[in-house]
Amino acid sequence: MIKKKFLSLLIIIVVLISFPIYSNLSGIPKNWTLKEFQNQELKWQNCYGNFQCSTLLVPVDYDKITTDDFHLKVIRFKATDQRHRLGALIVNPGGPGASAFNYAYNAENIVSAAIREKYDIVGFDQRGIGQSDPIRCLTDKETDEMLAGPMIADTPENQRKMVENAKFFASKCKKAAGYKLAHLSTLDSAKDMELLRLALNEPKLNYLGKSYGTYLGTLYASLYPSKVGKMILDGAIDPSISIQEQNLAQAKGFELALNQFLSENKISKIEIFNLLKKLRIEPLSTKSNRNLTDSLAILGIASALYDDVIGWPKLKKAINEASAGNVSKLLALADEYTGRTRTGKYFSNKNDVATLISCLDWPNQATFAEMQSTSSRFSSTAPILGPYLVFSQLACNYLESSKSENSLNINTIKIDTLLIIGVTRDPATPYEWAVALYKKFHASIFLTLEANGHTGQGRGFLCVDKKVDFYLLNSKIKAIRSQEFC
């Protein structure tokens, strides 16, 4: 099996392990057409203190609507000043596979008090994710084995194991998802988001999407340009580049972040290279009696590079201890990345569904041999992290669920002003992607943040947060192309 791309990290780590399922359904609708889905009403229930929860029904296949559907779990924090309310703000933290339901539950931490005063903060788990009829392919034990498995095809045995794992993962997912497997794309979720807008009775869709969430927003804007209200795309994805180029750009971005981290902390890059090589040959035991492989180590390293304020200090401690033979902290970083609890449970299905969504969104056309032929390019671009992304789409070859209509040919999108944020040293969504997306929008504001780390809003950068608040709270934003800097 492959490890999901570094882009698939949970950007804001929110663990809500014991959420009960709220349901307001009296039964599955029979013989609904698209019109019935568009005209449904959300029945809200009080939940988790000051929040409300509901369920939105969406068709599995928009092209062939049957009695099968997905039940999307929705949560909202109502604006504290309902008299001067500006609307609903739908939020998405990224992924794919991260829970936007959980993200919205943390409304106090993701947007300012001024925004919570004027906007309902709304989050929904996308189809197949979290609480929305989750598709889980692997058991916890199987997930442990897959994540620890080889990611570099440097020996015939590793090549065999990688193909075996990919085939096993695909077979388990096909069994778990059935025909729904072909209907988990971001394009499907963009159509779901339009049904949510209608159910919320909002004339326009206001949206804050980060990382992968920017791709969801971009597809929505492409499908429904006249329905876009205030839209913030933070840590943007370039929708027009291939999956191979995405992987290469991410490898480069993470390598640059690693280089800066090593330089600032006076750690030799050879030390990291030798540690990974050693772990690849002979995994090391930890205090929990689990072994740390090089695959798990690279996941831990990547997760820490997302944030220079919190992640980098953790990584420094982990590497220092690993140099002394104690790799427990490095394994803990990997567990944080994958959502593994100390009891061996994975609190969500994001490890499974991230791969499924990526395979649908970015169909892989390369064979194993063709992927392997790019190894030297990845290694020369990013000597440490590059080799681990060469085969990131391998499982897609065996899922047999890709459809060309899961993506759109996005050229220029003519809508009213939206705000795109790019961080100059973002390892996961390179700054160049944000620039490329900005060029596709006819009328937009482009905000550049000169900083390390992934995404700009809500990370303590006062300049960015003030500009975001001004954008959301002021109605007279001119629809002109402009560039701003922080």
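This section reports on the structure supplied with the text. (Residues numbered from 1 in each chain as written. Predicted model: local features only at pLDDT ≥ 70, side-chain atom pairs only at ≥ 80, totals over all residues. Heavy atoms only, no water.)

Some words on the pattern of salt bridges
Close approach of charged atoms allows side chains with opposite charge to pair. Keep this limit in mind: What makes a salt bridge here is a side-chain nitrogen of Lys or Arg within 4 Å of a carboxyl oxygen of Asp or Glu, nothing more. In this text, helices come from DSSP runs of H or I with a minimum length of four residues, and strands from runs of E with a minimum of two, each type numbered from the N-terminal end. Type-normalised accessible area, obtained with a 1.4 Å probe on protein chains alone, sets the label of each residue: buried when under 20%, exposed when over 50%, and partly exposed for intermediate values.
Taken as a whole, this structure holds 23 salt bridges when the rule is applied. One salt bridge connects K161 with E164, and the closest N-O pair in it is separated by 3.2 Å. In this pair, K161 and E164 both sit in helix 6 (residues 156–177), three residues apart, roughly one turn of the helix. Exposure remark for K161: the relative accessible area of 29% places this residue in the partly exposed category. A residue is classified by how much of its surface remains accessible, and E164, at 36% relative accessible area, is partly exposed. Its salt-bridge partner being R290, residue D335 comes within 2.8 Å of it at the nearest N-O pair. Here D335 is found in helix 13 (residues 328–338), whereas its partner R290 is found in the loop between strand 8 (284–285) and strand 9 (291–292), with 45 residues between them in sequence.

Some points on unusual backbone geometry
With an omega of -5°, the peptide bond between G95 and P96 qualifies as cis. Topologically, P96 is positioned in the loop between strand 4 (87–92) and helix 2 (100–105). Of note, Y48 is a non-glycine position whose phi angle comes to about 50°, a positive value. One can find Y48 in the loop between strand 1 (45–47) and strand 2 (51–59).

Some points on the packing of aromatic side chains
Short version of the rule: Only rings of Phe, Tyr and Trp enter the pairing, Trp through its six-membered ring, and a pair is recorded when the two centres are within 6.5 Å. The plane angle decides the type: under 30 degrees is stacked, over 60 is edge-to-face, the rest tilted. A ring is considered to have a charge above it if a Lys NZ or an Arg CZ atom is located within 6 Å of its centre and within 35 degrees of its normal.
With the rule as written, the count across this model stands at twelve aromatic pairs. The structure contains a cluster of three or more aromatic residues connected by ring pairs, namely Y48, F51, F77, F101 and Y105. The cationic tip of R76 hangs over the ring face of W44; the distance from NZ or CZ to the ring centre is 4.0 Å. Over the aromatic face of Y471 sits the side chain of K230, whose NZ or CZ is 5.1 Å from the ring centroid.

Points about the sheet that holds strand 6 (residues 205–210)
What holds strands together in a sheet is hydrogen bonding between their backbones, with the strands either parallel or antiparallel. Stated formally: Any two strands between which DSSP finds at least two bridges are classified as paired. Convention adopted: a line fitted to C-alpha atoms gives each axis, helices being fitted over their contacting stretch, and angles between N-to-C directions are expressed from 0 to 180 degrees.
A sheet is described by the order of its strands in space; here ten strands give the open sequence 1-2-3-5-4-6-7-10-11-12, paired in mixed fashion. Each of the sheet's edge strands pairs with one partner strand only, and the pair in question is strand 1 and strand 12 (482–485). On average, each strand axis in the sheet is inclined to that of its neighbour by 25°, with strand direction left out of account. Where strand 1 meets strand 2, three bridges bridge the pair, whose relative direction is antiparallel. Its bridge partner being in strand 2, N46 is matched across the sheet by Q52.

What about helix 13?
Spelled out, the test is: By definition, residues are in contact when any of their heavy atoms lie within 4.5 Å.
When you tally the buried positions in helix 13, you get eight out of eleven residues, the bulk of the element. Buried within helix 13 are the following residues: S328, L330, L331, L333, A334, D335, Y337 and T338. Against the buried residues of helix 13 lie helix 5 (140–148), helix 10 (269–281), strand 9, helix 11 (294–304), helix 12 (311–323) and helix 14 (350–361). Looking one or two places after helix 13, you find G339, whose phi comes out positive at around 80°.

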